[in-house]
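The lines below spell out each chain.
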Amino acid sequence: AQSVTQLGSHVSVSEGALVLLRCNYSSSVPPYLFWYVQYPNQGLQLLLKYTTGATLVKGINGFEAEFKKSETSFHLTKPSAHMSDAAEYFCAVMDPYGGSQGNLIFGKGTKLSVKP
Amino acid sequence: GAGVSQTPSNKVTEKGKYVELRCDPISGHTALYWYRQSLGQGPEFLIYFQGTGAADDSGLPNDRFFAVRPEGSVSTLKIQRTERGDSAVYLCASSLSQGRDTQYFGPGTRLTVL
């Protein structure tokens, strides 16, 4: 069975500092990988996704993530944090070959705080 | 264009009552998903429709939960004999088709069972 682990339920950074949110997955086959962001009282919004091809994926708002098969990781980074990045971030996986191609399996989320 | 909408945004009910939660997907999206997000947790898959049929309902916790999508567009999640443990945010998402297509999420319905 697939699973997702997000290290750190809360991460706090200063404005302008590097953002690093960690995601590790467990899967018997290379999955599709996703990062979603959830602002208060809003729905989940896709930041970026990896399906095939280049392992470094660039998303919206300056975020990027790199799929590392050997480490079963898909960490999310942003060089310089903005106050507007404060939100909760969810990593998710999808089995591309499973009988039900579509349901996402989410991690528990990481709440990002940005200090002025 | 319009995104995924869900109604109501909040629902408070008493234990044992029946509730219906509605999802309007993005026009033209054939795949529709329901997830449940409990406090402090990530969303958990409930059921997925491809067109009118439930392609996978393996995430429904028990037979008190049921969902329909009779015309392949709007979907309704139905919960019978609600229990306090059903309290959560119920999220709906739609995508153009199944698989790698991006799932677009609605704002959710917060269900509170007293």
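Residues numbered from 1 in each chain as written. Chains lettered and ligands numbered in written order. Predicted model: local features only at pLDDT ≥ 70, side-chain atom pairs only at ≥ 80, totals over all residues. Heavy atoms only, no water.

A.B. asks: I would appreciate a short explanation of the overall build of chain A in the present structure.
C.D. replies: On a plain count of helices and strands, chain A comes out with 0 helices and 12 strands. Expressed along its principal axes, the backbone C-alpha trace of chain A runs to roughly 45 × 30 × 20 Å. Within chain A, the proportion of its 116 residues that are buried is 48%. Look at the contacts in chain A between residues 6 or more apart in sequence, and 57% of them connect residues 24 or more apart. Total accessible area on chain A is roughly 5,500 Å²; 51% of this is exposed by carbon and sulfur atoms. Computing the positive centroid from 9 side-chain charges and the negative centroid from 7, chain A places the two 2 Å apart. (Helix = DSSP H or I, 4+ residues; strand = E, 2+ residues; numbered from the N terminus. Buried < 20%, exposed > 50% of the residue type's maximum accessible area, 1.4 Å probe, protein only. Contact = heavy atoms within 4.5 Å. Areas by Shrake-Rupley, 256 points an atom, 1.4 Å probe, with all protein chains shown as cover. Lys, Arg positive; Asp, Glu negative; His and termini not counted. Charge placed at Lys NZ, Arg CZ, Asp CG, Glu CD.)

A.B. asks: What is the right way to look at the interface of chain A and chain B in this model?
C.D. replies: Every contact between the two is made by 20 residues of chain A and, on the other side, 20 residues of chain B. A buried area of about 1,700 Å², summed over both sides, lies between chain A and chain B, and 51% of it is on carbon and sulfur atoms. The interface formed by chain A and chain B contains 0 salt bridges. Taken together, the links from chain A to chain B amount to 4 residue pairs in polar contact (both at pLDDT 80 or more). The set of elements that each furnish at least two residues to the side of chain A that touches chain B consists of strand E5 (32-38), strand E6 (44-50) and strand E10 (87-94) of chain A. Along the lines of polarity and charge, the residues of the side of chain A that touches chain B split into 8 nonpolar, 10 polar and 2 charged. (Buried area = accessible area lost by both parts, 1.4 Å probe. Salt bridge = Lys/Arg side-chain N within 4 Å of Asp/Glu carboxyl O. Polar contact = N/O pair within 3.5 Å; in protein donor to acceptor, adjacent residues only side chain to side chain. Nonpolar A, V, L, I, M, F, W, Y, C, P; charged D, E, K, R; others polar.)

A.B. asks: Help me out: how do you make sense of the sheet that holds strand E7 (residues 65-68) of chain B in this one?
C.D. replies: The strands making up a sheet associate through hydrogen bonds between their backbones, and the pairing can be parallel or antiparallel. All names here are of chain B. Strand order in the open sheet formed by 4 strands is E1-E3-E8-E7, and the pairing between neighbours is antiparallel. This sheet does not close on itself; its edge strands, each paired only once, are strand E1 (5-7) and E7. Averaged over all neighbouring strand pairs, the angle between strand axes comes to 15°, with direction disregarded. Both E1 and strand E3 (residues 19-24) contribute to a ladder of 3 bridges, which runs antiparallel. (Pairing = 2+ DSSP bridges. Axes fitted to C-alpha atoms, helices over the stretch in contact; angles between N-to-C directions.)

What is shown is where atoms sit, not what they do.
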